[in-house]
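The lines below spell out each chain.
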Amino acid sequence: MRYQIFVRSQDEHHFIASIVGMPNLTVEGTTEAEAILNAKSALEAQLKRGKFVSIEVNSEVEKSENLPQMKYAGILADDPTFDDFMDKLGLIRQESNALTDE
């Protein structure tokens with residue numbers, strides 16, 4: 001399998017590598033290559049101890065319990081005045097931003 005690794009430099013001799021999607025898997029190295037190698041080793045060790053499992057969640061339960069605002073998604077999709085409203089809102093924001101920039 002292929003995994004993405006996010007590498008960032010703290011300074012010239014300190015690199016931090018994280019496995020994307022696995023927030024608890026972060027390693028360090030004195031070079032970028034070393035940090036990547038350490039990340040690969042850590043991921044391999046982690047995968048030896050566990051596995052990925054797929055589960056299915058009832059989407060209606062997920063929407064109602066975790067994202068109650070989702071019941072309003074798309075309610076203005078057929079509103080013919082929505083584009084006008086968004087244009088007006090954009091103008092109001094531009095005016096507000098111009099006032100705060102002064």
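If you're wondering where the values come from, they're calculated on a predicted model, not measured in any experiment.

Parameters at a glance
Residues numbered from 1 in each chain as written. Predicted model: local features only at pLDDT ≥ 70, side-chain atom pairs only at ≥ 80, totals over all residues. Heavy atoms only, no water. Helix = DSSP H or I, 4+ residues; strand = E, 2+ residues; numbered from the N terminus. Rg over C-alpha atoms; globule rule 2.2 N^0.38 Å. Buried < 20%, exposed > 50% of the residue type's maximum accessible area, 1.4 Å probe, protein only. Contact = heavy atoms within 4.5 Å. Areas by Shrake-Rupley, 256 points an atom, 1.4 Å probe, with all protein chains shown as cover. Pairing = 2+ DSSP bridges.

1. Some remarks on the overall build of the chain
Step number 1: Each helix and strand counted, the chain has three helices and three strands in total.
Step number 2: Walking the chain from its N terminus toward its C terminus, one meets helices and strands in the order β-β-β-α-α-α.
Step number 3: Against the compact-globule benchmark of 13 Å for 102 residues, the chain has a radius of gyration of 23 Å, which places it well outside the compact range.
Step number 4: Taken along the three principal axes of its C-alpha coordinates, the chain extends 55 × 50 × 20 Å.
Step number 5: Per-residue burial over the chain gives 13% buried out of 102 residues.
Step number 6: Within the chain, contacts between residues separated by at least 24 positions form 14% of all contacts whose residues are at least 6 apart in sequence.
Step number 7: Within the structure as shown, the chain displays about 9,000 Å² of accessible surface, and the carbon and sulfur contribution to it stands at 53%.

2. Brief notes about the pairing of strand β2 (residues 14–19)
Step number 1: Of all six residues that make up β2, five are buried, and the element is covered over most of its length.
Step number 2: As defined by bridge partners, strand β1 (residues 5–11) adjoins β2 across six bridges and the pair is classed as antiparallel. Across the sheet, residue Phe6 finds its bridge partner in β2, namely Ser18.
Step number 3: The hairpin formed by β1 and β2 contains two residues between the paired strands.
Step number 4: Judged from the four bridges that link them, β2 and strand β3 (residues 26–29) form a sheet pairing that is antiparallel. Each residue of the ladder has a partner; that of Ile16, found in β3, is Glu28.

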